[in-house]
Each structure stands twice: as structure tokens, then as C-alpha cells.
Amino acid sequence: MSREGFAYRFTKAIVRSPGHSAVRGIRAQDRGTPDIERFQSEHMAYVTALERAGLRVIVLDALEAYPDSVFIEDAALCLPEGTVNLRPGTPSRTGEAGLTAKSLSSLGHDIHQIGSDGFVDGGDILVTDSIILVGLSRRTNRAGFESLKSVLGAWGYSVQAVHTPGEVLHFKSDCCLLDSDTILATSRLADAECFTSFRVLTVPAGEEAAANSIRINDTVLIPDGFPGTAELLARENYAVETVPVSQASLLDGGLSCMSLRYD
Ligand code: CIR
């Protein structure tokens, strides 16, 4: 199936506020504890940026029992055919997905389950107009991929498993869709040859975190502090807006992780 623009043209987004428990969020490396007031104000700036890109944003209450629940993208996948309740691949996040599915259901989403023998984090799923790439990672295993593929396959999607480099948390920590044919990626992911049917723009060395950006309608939101990536995208005629994510990044999160975007 290929529908020009469906993978980046949206009308709505759902986000979840960061709670005070975010100070206990998972991080691969300790680079400091998030300052919750600052996290909340950066989160508000994020919501404003989504709105400016044309989305109506629904803000769900923080889930204090789940320190990483601000990264709502890992809990669900919203497609025009329905919403898939995912199975986050780390124990402290397992319960999050069910609570998010409940909220989505009460907002009118048609919820579909994947099998209970595998794991998939939404951060490993890159939806493009032509194919859905799923990075196998520390959080997404083969069984989870197969279950997801059977749901998405029934909806007519081509779904392919790809490798996520070992040092990368999620596949989309290192890439994003820019348009139907173009991906922004780090060089370590571009070198993994998972984007054979795409044109790939590579973020400059030292700006790897800028690959976790999001194209929404006519705007590409990128994290602030990455002038080389901003320049690269502007040269390619993308309209760029920068958003601060200093506190989310202390927990290995970025722009894509903090919302579910859909039409
Ligand atoms: C975690 O380790 O689960 C969170 N601290 C970060 C999740 C980021 N989510 C994403 O990249 N999709």
C-alpha cells in the first residue's frame, strides 16, 4: 500500500504530561536528573510546536506510577485502520500500555492487541508511505515483530524487520521520515543499509541526537542545538522549527517519543 503523505500528514496528537516520577526515568547513562519544572515547560513548548504544525493536541494526565510514561509513543501505534496496543519491552513500562489503551479507547480509538509472547516499543516503528520498518532492538523482539506484522499485514501494510545498532535505544532514536522518499538518519543507521528504497540525508557527525526529529504536515520539528542539521534541512527546502528537549534527552527520549500523531 502506498498513500502519498499519509505517514506525515496528521490532524491530531496525544501527549502525556511528564510527572514528578520522571526523576526516576530509565537512562542508559546518568547525565543528570531531569528538573521537573523545566521538563514541564519544555513539554508545553512541544505541545505548542505540534499545534503550530497544525495538530489538535490532547494532553493526558501524568502517570506517576510510570516514570517513563511521558514517552507515550512507545505504548501505542495509531493508524487510520485502528490503534495497536503495544507491549513495551522493559519491565517498568509494561503496565503503561494498558492504561494508555484505556485512555485512547475512551477517546474513540478502536484498539487492537498484539500477541502476549513478544515485545514492541513504538520507538522502533517507522511508518512510511510505502512500508513500515520495525527495528529489532533491546526493546522489540522477533516475536513482537511477528505479532505486529500479522495485525498490520491484515490491514494491507508491507512490514519489514530491520536491525537497530546495539548502542541505539530505539530505531527512531536514529532516524525520521522527511517525506515519502526521504529519511533523515545518523550515519551508523544509514550504513546499516535498511533504507535501500529511500534517499537518505545524514545528520552531521556530533549531531546524532538530531535524527530523532518529526515531520508533521509542512514542518520538520528538530531538537534545538543542532545547527548543522537545521542548515542541511533548510538547504533541502524543508521548513524547520526547533524545540527544546534538554530534559527528555536526559532520559534518552526525544521529539518522536513524546506524542502519538494521527489523522
Ligand atoms: C526508556 O528508556 O524507555 C525511556 N527512558 C526513553 C524512551 C524513549 N522513547 C523512544 O525513543 N521512543
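Here, every reference points to the structure presented above.
Residues numbered from 1 in each chain as written. Predicted model: local features only at pLDDT ≥ 70, side-chain atom pairs only at ≥ 80, totals over all residues. Heavy atoms only, no water.

So, the overall build of the protein chain
- Helix and strand counts for the protein chain stand at six helices and 15 strands.
- The globule rule puts the C-alpha radius of gyration for 263 residues at 18 Å, and the 17 Å found for the protein chain is close to it.
- In terms of overall dimensions, the protein chain has C-alpha extents of about 45 × 45 × 35 Å along its principal axes.
- When burial is assessed residue by residue, the protein chain has 57% of its 263 residues classed as buried.
- For the protein chain, long-range pairs separated by at least 24 residues make up 70% of all intrachain contacts whose partners lie at least 6 apart in sequence.
- About 10,700 Å² of surface is accessible on the protein chain, with carbon and sulfur atoms providing 49% of the total.
- Across the protein chain, 23 positive and 34 negative side-chain charges occur, with their mean positions spaced 3 Å apart. (Helix = DSSP H or I, 4+ residues; strand = E, 2+ residues; numbered from the N terminus. Rg over C-alpha atoms; globule rule 2.2 N^0.38 Å. Buried < 20%, exposed > 50% of the residue type's maximum accessible area, 1.4 Å probe, protein only. Contact = heavy atoms within 4.5 Å. Areas by Shrake-Rupley, 256 points an atom, 1.4 Å probe, with all protein chains shown as cover. Lys, Arg positive; Asp, Glu negative; His and termini not counted. Charge placed at Lys NZ, Arg CZ, Asp CG, Glu CD.)

Some thoughts on the sheet that holds strand β2 (residues 56-60)
- Within the open sheet, the three strands sit side by side as β2-β1-β15. Their pairing is mixed. The sheet is open, and its two borders are formed by β2 and β15 (260-262), each paired with just one other strand. Taken over all neighbouring pairs, the strand axes of this sheet differ in orientation by 15 degrees on average, direction set aside.
- When strand β1 (residues 12-16) meets β2, the two strands line up parallel, connected through five bridges. Following the sheet pairing, V15 is matched in β2 by V59.
- The strands that helix α1 (residues 36-52) touches are β1, β2 and β15; relative to β1, the one it contacts most, it runs at about 175 degrees. (Pairing = 2+ DSSP bridges. Axes fitted to C-alpha atoms, helices over the stretch in contact; angles between N-to-C directions.)

With respect to the sheet that holds strand β14 (residues 239-243)
- Taken together, the three strands give an open sheet; going across it, the order is β12-β13-β14, and neighbouring strands pair in mixed fashion. Since the sheet does not close on itself, it has two edges, and those belong to β12 (214-216) and β14, each with one partner. The mean angle between the axes of side-by-side strands here comes to 30 degrees, regardless of whether they run parallel or antiparallel.
- In this sheet, β14 lies alongside strand β13 (residues 219-223) in parallel orientation, the contact comprising five bridges.

Topic: the nonpolar core
- Judged by nonpolar contacts, the single largest core of 33 residues is most densely connected at L77, L79, V84, L148, L152, F171 and F195.
- When contributions to this core are tallied by element, the ones reaching two or more residues are β3 (76-79), β6 (125-127), β7 (132-136), α3 (142-154), β8 (159-163), β9 (175-179) and β10 (182-185).
- The dominant element in this core, judged by the number of residues it contributes, is α3, at four residues.
- When neighbours within four sequence positions are excluded, L79 is seen to be in contact with F6, V127, I132, L152, W155 and Y157.
- Listed in part, the 25 residues of the second largest apolar core include F39, A53, V70 and V245. (Core = buried A, V, L, I, M, F, W, Y, C linked by side-chain atoms within 4.5 Å.)

Overview of α1
- In a regular helix each residue adds 1.5 Å, so 17 residues correspond to 24 Å; α1 covers 24 Å between its end C-alpha atoms and thus fits that length.
- When α1 is considered as a whole, its buried residues turn out to be I36, F39, E42, H43, Y46, V47, A49 and L50. In a view along the axis of α1, the buried residues occupy a sector of 160 degrees, so they form one face of it. The outward face of α1, more than 90 degrees from its buried face, is lined by the exposed residues E37, M44 and R52.
- Its side-chain oxygen placed 3.0 Å from the backbone nitrogen of E37, D35 serves as the N-cap of α1.
- G54 sits one or two positions beyond α1 and adopts a positive phi of about 110 degrees. (Expected span 1.5 Å × (residues − 1). Arc of directions from axis to C-beta. Polar contact = N/O pair within 3.5 Å; in protein donor to acceptor, adjacent residues only side chain to side chain.)

Let's talk about the side chain of R93
- Mapping R93 onto the fold places it in the loop between β4 (82-85) and α2 (94-106).
- Judged by its relative accessible area of 3%, R93 falls in the buried class.
- Side-chain polar atoms of R93 contact the backbone oxygen of F71, separated by 2.9 Å.
- Aside from chain neighbours lying at most four places away, what touches R93 is I26, D68, F71, D74, P88 and R139.

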